[in-house]
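A look at the structure
Residue-level listing of the chains:
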Amino acid sequence: MAACPCAEYGTTALSTALLIEQLLNGLQLGVMLFLMAAGLTLIFGVMGLINLAHGSLYMIGAFACAVTASATGSFWLGLIASLIAAAAAGAIVEVVVIRRLYDRDHLDQVLATFALILIFSEGSRWFFGSFPLYLDIPAALQGAVPLPGGGRYQLYRLAIIGVGIAVALGLYLLISRTRLGMRIRAGESDREMIAALGIDIQSLYTIVFALGAALAGLAGALVGALQSVQVGMGEPVLILAFVVIVIGGIGSIKGALTGAILVGLIDTMGRFLLPKTLALILPASQAGMIGGALASMLIYIVMALILAFRPRGLFAA
Amino acid sequence: MITRETIVNAVIALLLLAIPLVAMTLGEPFYVTLATRITILALAAVGLNIALGLGGLVSFGHAAFFGIGGYAAGILATHAFNAEPLFLGIEGTTSMPWIWLVAIAVCGLVALPIGAISLRTTGVYFIMITLAFAQMIYYFAISWPAYGGEDGLSLSVRNLFPFVSTAKPLPFFLICYGALMLAIILFLLLRGSRFGAALQTARQNETRLAAIGIAPFNIRLVAFVLSAMVTGLAGALFADLNRFASPSMFSWHMSGELIVLIILGGKGRLFGPLAGAMLYVLIEHVLGGITERWQLFLGLILLGVVLFARGGLLGLLAGKARHG
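Residues numbered from 1 in each chain as written. Chains lettered and ligands numbered in written order. Predicted model: local features only at pLDDT ≥ 70, side-chain atom pairs only at ≥ 80, totals over all residues.

This next bit is on the overall build of chain B. Helix and strand counts for chain B stand at 13 helices and two strands. Its C-alpha atoms give chain B a radius of gyration of 19 Å, within 12% of the compact-globule value 20 Å for 324 residues. Along the first, second and third principal axes, the C-alpha atoms of chain B reach 55 × 50 × 40 Å. Of all 324 residues assigned to chain B, the portion counted as buried reaches 53%. Taking the contacts inside chain B whose residues are at least 6 apart along the sequence as the reference set, 74% of them involve residues at least 24 apart. (Helix = DSSP H or I, 4+ residues; strand = E, 2+ residues; numbered from the N terminus. Rg over C-alpha atoms; globule rule 2.2 N^0.38 Å. Buried ≥ 20, exposed ≤ 12 C-beta atoms within 10 Å, placed from the backbone. Contact = placed C-beta atoms within 7 Å.)

Attention shifts here to the interface of chain B and chain A. Contact residues are listed per partner, giving 36 residues for chain B and 35 residues for chain A. Put simply, the parts of the chain that give the side of chain B that touches chain A at least two residues each are helix H5 (123–143), helix H10 (252–265) and helix H12 (294–308) of chain B. No other element matches the 14 residues that H5 of chain B contributes to the side of chain B that touches chain A.

Residues and elements named next belong to chain B. One can find Ile7 in helix H1 (residues 4–25). Exposure remark for Ile7: the 12 C-beta atoms within 10 Å place this residue in the exposed category. Sequence separation of Ile7 and Thr207 is 200 residues, and the distance between their C-alpha atoms is 36 Å.

It is worth spelling out the nonpolar core at this point. Grouped together as the largest cluster of nonpolar side chains are 218 residues, with contacts concentrated most on Val243 of chain A together with Leu43 and Ala103 of chain B. Each residue touching Ala103 of chain B, except ones within four places of it in the same chain, is listed here: Ile68, Gly69, Ala72, Ala73, Gly232, Leu233, Gly235 and Ala236 of chain B. (Core = buried A, V, L, I, M, F, W, Y, C linked by C-beta atoms within 7 Å.)

Turning to the packing of helix H11 (residues 284–309) of chain A against H5 of chain B, a few remarks are in order. Remark: H11 of chain A packs on H5 of chain B, axes separated minimally by 8 Å, with the N-to-C direction vectors making an angle of 165°. Taken together, H11 of chain A and H5 of chain B sit at an angle that is classed as roughly antiparallel. Handedness of the H11 of chain A/H5 of chain B crossing: left-handed. The segment H11 of chain A lies against H5 of chain B, with Gly292, Ala293, Ser296, Met297, Tyr300, Met303 and Leu307 of chain A engaging Ile129, Ala132, Phe133, Gln135, Met136, Tyr139, Phe140 and Ser143 of chain B. Of the residues that constitute the contact of H11 of chain A with H5 of chain B, the class distribution is eleven nonpolar, four polar and no charged. (Axes fitted to C-alpha atoms, helices over the stretch in contact; angles between N-to-C directions. Parallel < 35°, antiparallel > 145°, perpendicular 65-115°, else oblique. Left-handed = near helix turned anticlockwise from the far one by under 90°. Nonpolar A, V, L, I, M, F, W, Y, C, P; charged D, E, K, R; others polar.)

Turning to the packing of helix H2 (residues 29–54) of chain B against helix H11 (residues 272–290) of chain B, a few remarks are in order. Residue and element names in this part refer to chain B. Relative to each other, H2 and H11 sit at 140°, their axes nearing to 8 Å. The angle between the axes of H2 and H11 places the two elements in the oblique class. H2 and H11 meet at a crossing whose hand is right-handed. Facing Leu34, Arg37, Ile38, Leu41, Ala42, Ala45, Val46 and Asn49 of H2, the residues of H11 in contact are Gly272, Pro273, Leu274, Gly276, Ala277, Met278, Val281 and His285. In the contact of H2 with H11, the residues fall into eleven nonpolar, four polar and one charged.

Turning our eyes to something else, we now look at H10 of chain B. All names here are of chain B. Its 14 residues give H10 an end-to-end C-alpha distance of 20 Å, which sits within 8% of 20 Å, the value for a rise of 1.5 Å per residue. Of all 14 residues making up H10, 13 are buried, and the element is well covered by its neighbours. One or two residues past the end of H10 sits Gly266, with phi positive at roughly 130°. (Expected span 1.5 Å × (residues − 1).)

Here we come to the confidence of the model for chain B. Residues and elements named next belong to chain B. The predicted model of chain B averages 88 in pLDDT, with 98% of residues at 70 or higher. Predicted confidence in chain B is weakest over helix H13 (residues 312–318), with a mean pLDDT of 78, and strongest over helix H9 (residues 216–242), with 95. For this predicted complex, the interface confidence comes out at an ipTM of 0.86, alongside a pTM of 0.88. (pLDDT = per-residue confidence, 0-100.)

Here we come to the confidence of the model for chain A. For chain A, the mean per-residue pLDDT works out to 86, and 95% of the residues sit at or above 70. Helix H3 (residues 75–96) of chain A holds the highest mean pLDDT among the elements of chain A, 94, whereas helix H1 (residues 5–47) of chain A holds the lowest, 79.

Rendered as structure tokens:
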């Protein structure tokens with residue numbers, strides 16, 4: 001028994017480290033989803049608009065960052081470019097198309113923004129080609145940091161978590177403490193009234209839309225360094241972001257944050273733990289297959305369960 | 001009374017029938033396949049139109065049922081081909097009528113819980129939850145390796161229909177055409193029935209419907225399930241057309257396309273889905289012949305229709321719909 005406690009200690013230490021690593025991965029995915037979901041939920045809360053093209057803004061951010069970074073050699077300039085490009089694209093789309101949709105029903109909004117996805121996707125394929133672009137992690141954030149319990153974790157992913165927390169805090173301050181935030185809150189509760197008070201509601205809408213777009217663009221740029229930058233990269237994230245805001249309650253930033261962390265953790269931990277758990281009762285190959293299939297469905301199952309009990313999400317506005 | 005819309009509908013139905021007949025006499029079987037594609041897409045959209053047009057239920061997840069229908073055809077045919085029983089000793093089959101029955105039944109069984117959960121929500125929540133359910137099934141299909149996973153499932157030969165040689169393009173088109181016309185008649189009967197009246201009232205004024213003692217939830221659930229069944233039948237035919245059940249049949253682009261067909265044709269119209277499918281395949285074929293980037297122009301056309309021509313193609317041809 002006591003012949004080699006070290007080995008036993010070694011395995012538990014490794015699995016603790018692995019567990020922490022997976023938890024951090026889940027948190028990082030959650031934070032990413034929050035950047036997407038915050039914009040979506042803000043746009044829905046203030047303007048009552050469902051925007052399928054939000055994933056395209058994410059893609060625009062990633063492309064802007066990759067192109068700028070490869071032209072200038074600086075990831076940071078790329079990051080700024082992604083914010084500007086996504087916000088500008090958002091503002092233009094709002095003025096040209098989205099503005100006409102506020103009074104329409106959700107079906108028209110879905111269709112028009114679906115059309116925008118087709119336009120943006122084919123447009124960028126035309127512009128950048130079908131081959132993925134690659135974006136390097138900036139030198140300052142390369143490398144890994146040690147985790148408690150052994151193991152190491154990529155510094156860049158930690159930085160993403162940091163950015164996400166900072167954005168969440170910034171949004172909270174913006175909405176609760178500034179004049180713009182006051183107008184946004186007023187717009188959520190009564191848009192006729194704030195228009196009657198002499199506030200230029202049209203430019204408020206454009207600002208909110210551009211803000212949401214910039215957050216999506218930032219998310220795209222940050223993730224672009226982890227994956228490849230390509231057409232269609234926004235769509236899986238968009239659908240996850242929808243799940244997030246449905247779970248959290250559409251229109252609620254707090255709900256978006258809770259939902260995003262929940263979805264990020266459940267998805268990552270499900271993929272990590274389900275095959276292992278099933279391996280205890282099933283043969284390994286079957287456990288891997290069933291576990292993998294179940295894990296990819298897990299967040300949708302959780303969403304269905306939550307909606308079955310709270311049809312308007314956890315933090316219904 | 002014969003209205004302008006009735007005439008337009010008849011012309012569209014005859015036109016669809018005429019395309020493959022003319023194409024065959026000209027020796028161009030490709031256009032028969034194109035017409036079959038139109039027919040099957042229209043059938044799927046007629047199914048969706050029961051939920052969307054009559055019930056106002058914007059399901060963004062009907063690709064799930066389209067795909068289930070397709071995989072029902074693929075899985076049954078694969079088992080029959082390999083002579084392996086499916087489970088509990090049930091044999092696979094290559095007989096279309098049986099495949100359709102299974103496709104329709106499975107779609108109904110899947111649509112029941114999905115509808116029961118989704119219909120607790122309304123508006124945007126409903127759109128998103130139906131989308132999420134379809135994604136769930138999509139991810140299941142691509143991560144379940146037994147039936148091809150991401151590669152999809154090929155059918156070695158087209159399935160069989162009694163007394164008809166389905167491998168030839170024209171007889172297969174006629175089968176699909178028959179199915180579409182039956183579905184359109186079903187839609188017409190539903191719309192005129194007491195059930196249809198209740199369903200349309202659920203869309204227009206839920207409170208009134210509840211006040212006369214009919215639960216809107218039950219009416220909508222039945223409509224959702226029926227709608228899924230028709231779309232599932234279309235999926236089975238689609239797999240037979242391509243001899244391939246592809247996981248892309250489950251994708252959310254497919255759900256979007258089905259909605260697009262209805263809107264292009266004209267929302268709430270009997271022949272809207274067919275008119276939309278004709279226009280869609282025409283755009284795809286003509287623009288796709290000119291440029292690889294046809295989806296960009298499809299997007300622009302769609303945007304134009306949503307923003308400026310809300311009645312769709314039938315609105316243009318047959319005037320405004322009588323009720324909104």
